[in-house]
Amino acid sequence: MTDEAKTHEKPGEARCPGVSVQDILANDSRCVPRYLTEQSYEFLGDEDIPVERYISQEFFDREIKDMWPRVWQWACREEHIPEDGDYIVYDFGPYSVLVVRTEDGAIKAYRNACMHRGTMLKPRESEGSADIIRCPYHGWQWNLDGTLKSLPCEWDFPHVRKADYALKSVRCEMWGGFVFVNLDDEAEPLLEYLAPLPDHLESDVFANRYVAMHVQKELNCNWKIASEAFLEAYHVMETHPQLMRTNGDANTQYDFYGDNVSRLINVAGSPSALLDEVPSEQEILDSFLMGDSGDVGEKLVVPEGSSARKIMAQFFRDTSRAKGMRNLDETSDSEIVDSIAYLAFPNQQFFSGVAFPIVYRFRPLGMSVNRSLFDLVILKQRPTDGSKWETAEPYRLRSEESYTTVPGIDPYIGNVYDQDTGNMEAAQLGCATLGRDGVTLANYQEIRIRHMHRTLMKYLDRKAGSN
């Protein structure tokens, strides 16, 4: 496109030359669902994002006070607490939530604090099983349904009515096998908050999976810098050049919906528009398989007239059938091989594709503006033939440790995540010494970052206006 032609484009209309996501979907071997063929983008402005949002402790404290207690976020999976009495603790910033399976099989959540003098009932990030919830300081006891059962020396507390000292409950709702919590009693229902995600994807897409790997990494960066690293594919060409043969980076499609949800569709098996050479479909497939080689027996070959993505999609259909898992015969190539990622504000990203069954979560680590925790969860399909599966325990990494040291992870994949987390910490350091008031975003490729900040400020400005 000439410079003269560009001057007639409205802001946000420009797209990378070459094949688009919709061009590729039009050539899918199956019918592609409407939620993937419909686009939802609009220009949201091109103003810089104030750098203080990443480095200011004062701004961070506003988020902790006015945003984090009012948003839905997943705390665990239902299979983390399968039996009556099972519990797990979810922590974010200064807040701690105790999620419990009660005697009748229901799941409830409480603020993780004793109603006597505020002692934490269960250690941070702990899990286990118990018949009662007991304070480790003075021995007050609660039933699993949160009602106060007993307290030592009850004679000395004539002013305590047991009915008034039930554990402080937390909003708790389920979708996709995830247990979501919200500290705000007046929050909108979860399914409304997540809209249109539950309309785009059936709950079973995630509910019929299990946690095959869970890696937690401590990061020396603000939680937003960490999350934003996965809201765009603009970084792939520089950060992950090894992926360019099979990743349509600059041609990724970006959409957003309402305040809380945004999406990207990053096509796999389609080379970057910025590659100098044009790889063959076989070369694309060979690059495609890096990181998946352990799952492939005989070498896959692209026949004349076919494509790498179609061969890879069929491989997953055949493998799923052979392992007695989900029937993918009518599932489109895109739903199998592409990175289809939804952000649910503020900190959780769900990848629905069969070949990339990943979930991310980002949260403040303590009360420091430049410390966060990154949860990387790999969800595999549960077998339908009665085969056993096991929920993986979290594996913790310090900031300086490599993903390649995680037991069972493919070193190729570990290296990719090392590249990403290295960027995050470099971005935090750079923001502190930037020397200007803001950071600049692309109109289209980084629209999900701008959309996230718009929602963030709605929370903060709304609260400030009510004071």
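Check the entry above for the structure.
Residues numbered from 1 in each chain as written. Predicted model: local features only at pLDDT ≥ 70, side-chain atom pairs only at ≥ 80, totals over all residues. Heavy atoms only, no water.

K.L.:
How should I be thinking about the overall build of the protein in this particular structure?
P.N.:
The helix and strand inventory of the protein stands at 15 helices and 20 strands. For a compact globule of 467 residues, the expected C-alpha radius of gyration is about 23 Å, and the protein comes in at 24 Å, within 12% of that figure. Expressed along its principal axes, the backbone C-alpha trace of the protein runs to roughly 85 × 55 × 40 Å. Out of the 467 residues belonging to the protein, those deemed buried represent 54%. Roughly 20,800 Å² of accessible area belongs to the protein as shown, and the carbon and sulfur atoms make up 50% of that amount. Between the mean site of the 49 positive side-chain charges and the mean site of the 75 negative ones, the protein shows a separation of 5 Å. (Helix = DSSP H or I, 4+ residues; strand = E, 2+ residues; numbered from the N terminus. Rg over C-alpha atoms; globule rule 2.2 N^0.38 Å. Buried < 20%, exposed > 50% of the residue type's maximum accessible area, 1.4 Å probe, protein only. Areas by Shrake-Rupley, 256 points an atom, 1.4 Å probe, with all protein chains shown as cover. Lys, Arg positive; Asp, Glu negative; His and termini not counted. Charge placed at Lys NZ, Arg CZ, Asp CG, Glu CD.)

K.L.:
When you look at the sheet that holds strand 15 (residues 339-344) in this model, what are you seeing that I'm missing?
P.N.:
By definition, the strands of a sheet pair up through backbone hydrogen bonds, in either a parallel or an antiparallel sense. If you walk across this open sheet you meet the eight strands as 13-14-15-16-17-18-12-19, and the pairing is mixed. Edge strands, defined here as strands with exactly one partner in the open sheet, are strand 13 (253-257) and strand 19 (394-397). Averaged over all pairs of adjacent strands, the angle between strand axes in this sheet comes to 15°, irrespective of strand direction. Note: strand 16 (residues 348-351) against strand 17 (residues 358-364), three bridges, orientation antiparallel. (Pairing = 2+ DSSP bridges. Axes fitted to C-alpha atoms, helices over the stretch in contact; angles between N-to-C directions.)

K.L.:
Would you mind showing me how to read the side chain of R101 here?
P.N.:
Following the sequence through the fold, R101 ends up in strand 4 (residues 95-101). Buried R101, no salt bridge; nearest opposite-charge side chain is E78, N-O distance 4.7 Å. For R101, the side chain forms a polar contact with the main-chain oxygen of E78, separated by 3.3 Å. (Salt bridge = Lys/Arg side-chain N within 4 Å of Asp/Glu carboxyl O. Polar contact = N/O pair within 3.5 Å; in protein donor to acceptor, adjacent residues only side chain to side chain.)

K.L.:
I'm lost on helix 14 (residues 411-432) in this one. Help?
P.N.:
What sets the pattern is the α-helix's 3.6 residues per turn: residues three or four places apart point alike. With 22 residues, helix 14 should reach 32 Å at 1.5 Å per residue; the first-to-last C-alpha distance of 32 Å fits that figure. Three or more residues of helix 14 are buried, namely G414, V416, Y417, D420, T421, M424, E425, Q428 and C431. All buried residues of helix 14 project into a common sector of 165° when viewed along the axis, lining one side. The exposed set on the far side of helix 14, more than 90 degrees from its buried face, consists of P411 and L429. For helix 14, the N-terminal cap is D410; the gap from its side-chain oxygen to the backbone nitrogen of Y412 is 2.8 Å. (Expected span 1.5 Å × (residues − 1). Arc of directions from axis to C-beta.)

K.L.:
Explain empty space enclosed by the protein to me, please; I cannot follow it from the model alone.
P.N.:
If a probe the size of a water molecule is rolled over the atoms, the empty space left behind becomes visible. Here the structure, examined in full by the defined rule, presents one cavity of 30 Å³ or more. Computed from the structure, the largest cavity encloses a volume of approximately 40 Å³. Residue lining of the largest cavity: G85, Y87, L98, V100, K122, A130, I132, I133 and L144, and that is the complete set. In terms of residue class, the lining of the largest cavity is built from seven nonpolar, one polar and one charged. (1 Å grid on protein atoms, 1.4 Å probe; cavity = no way out; pocket = protein on both sides within 12 Å on 5 of 7 lines; lining within 4 Å. Points joined across faces, edges and corners; volume = space filled by probe spheres on them. Nonpolar A, V, L, I, M, F, W, Y, C, P; charged D, E, K, R; others polar.)

K.L.:
What is the right way to read the nonpolar core from this model?
P.N.:
What tends to happen in soluble globular proteins is that the nonpolar side chains get buried as a cluster. Judged by nonpolar contacts, the single largest core of 102 residues is most densely connected at M67, V99, F180, F350, Y360 and F374. The leading source of residues in this core is helix 15 (residues 447-466), at seven residues. Filtering out sequence-adjacent residues up to four positions away, F350 remains in contact with W74, F178, F180, L197, F206, I340, A341, Y342, A344, I358 and V359. (Core = buried A, V, L, I, M, F, W, Y, C linked by side-chain atoms within 4.5 Å. Contact = heavy atoms within 4.5 Å.)

K.L.:
What's the story with the side chain of D333 in this structure? I'm lost.
P.N.:
Counting through the fold element by element, D333 comes out in helix 13 (residues 333-337). A polar contact is formed between the side chain of D333 and the side chain of R317, at a distance of 2.7 Å. If we ignore the near neighbours within four places in the chain, the residues touching D333 are D28, S29, R309, K310, A313, R317 and D338.

K.L.:
Explain the packing of aromatic side chains to me, please; I cannot follow it from the model alone.
P.N.:
Where two aromatic rings form a pair, the distance of their centres and the angle of their planes describe that pair. Taken as a whole and assessed by the stated rule, the structure comprises 32 aromatic pairs. With 5.2 Å between their ring centres and 55° between their planes, W74 and F178 make a pair best called tilted. Placement of W74 in strand 2 (residues 73-77) and of F178 in strand 11 (residues 178-182) is noted, with a sequence separation of 104 residues between them. By the burial criterion, W74 is buried, and F178 matches it. Among the aromatic residues, those joined into a cluster by ring pairs are F230, F351, F356, Y360, F362, F374, Y403 and Y417. Above the face of the Y444 ring, R15 is positioned so that its terminal group lies 3.5 Å from the ring centre. In this structure, R462 is placed above the aromatic ring of Y459, and the distance from its NZ or CZ to the ring centre is 5.2 Å. (Phe/Tyr/Trp six-rings, centres within 6.5 Å; stacked < 30°, edge-to-face > 60°. Lys NZ or Arg CZ within 6 Å of the ring centre and 35° of its normal.)

K.L.:
What am I meant to see in the pairing of strand 16 here?
P.N.:
Successive side chains on a regular strand alternate, one facing one side of the sheet and the next facing the other. Burial along strand 16 is two-sided: Q348 and F350 facing one way and Q349 and F351 facing the other are all buried. Here four bridges tie strand 15 to strand 16, and the two strands are oriented antiparallel to one another. Counted as the bridge partner of A341 is F351 from strand 16. The hairpin turn running from strand 15 into strand 16, its antiparallel successor, is three residues long. The antiparallel pairing of strand 16 with strand 17 creates a hairpin that spans six residues between the two strands.

K.L.:
Could you clarify how one ought to interpret a negative patch on the surface in this entry?
P.N.:
A cluster of acidic residues, E83, D84, E103, D104, D131 and D145, forms a negative patch on the protein surface. Counting through the fold element by element, D131 comes out in the loop between strand 6 (127-129) and strand 7 (133-134). Assessed through its relative accessible area of 69%, D131 is described here as exposed. (Patch = residues over 30% accessible without salt bridge, like charges linked within 9 Å, V, L, I, M, F, W, Y side chains within 5 Å.)

K.L.:
I tried to follow unusual backbone geometry on my own but got confused; where do I start?
P.N.:
Peptide bonds are, in most cases, trans, and in most cases residues other than glycine have a negative phi. Note that the residue after A195, namely P196, is joined by a cis bond; omega there is 5°. Tracing the sequence through the fold places P196 in the loop between helix 6 (190-194) and helix 7 (197-200). In this model, F345 is joined to P346 through a cis peptide bond whose omega is 5°. Unlike most non-glycine residues, E125 shows phi in positive territory, near 60°. Inspection of the secondary structure assignment puts E125 in the loop between strand 5 (107-111) and strand 6. Overall, E125 belongs to the partly exposed group, its relative accessible area being 39%.

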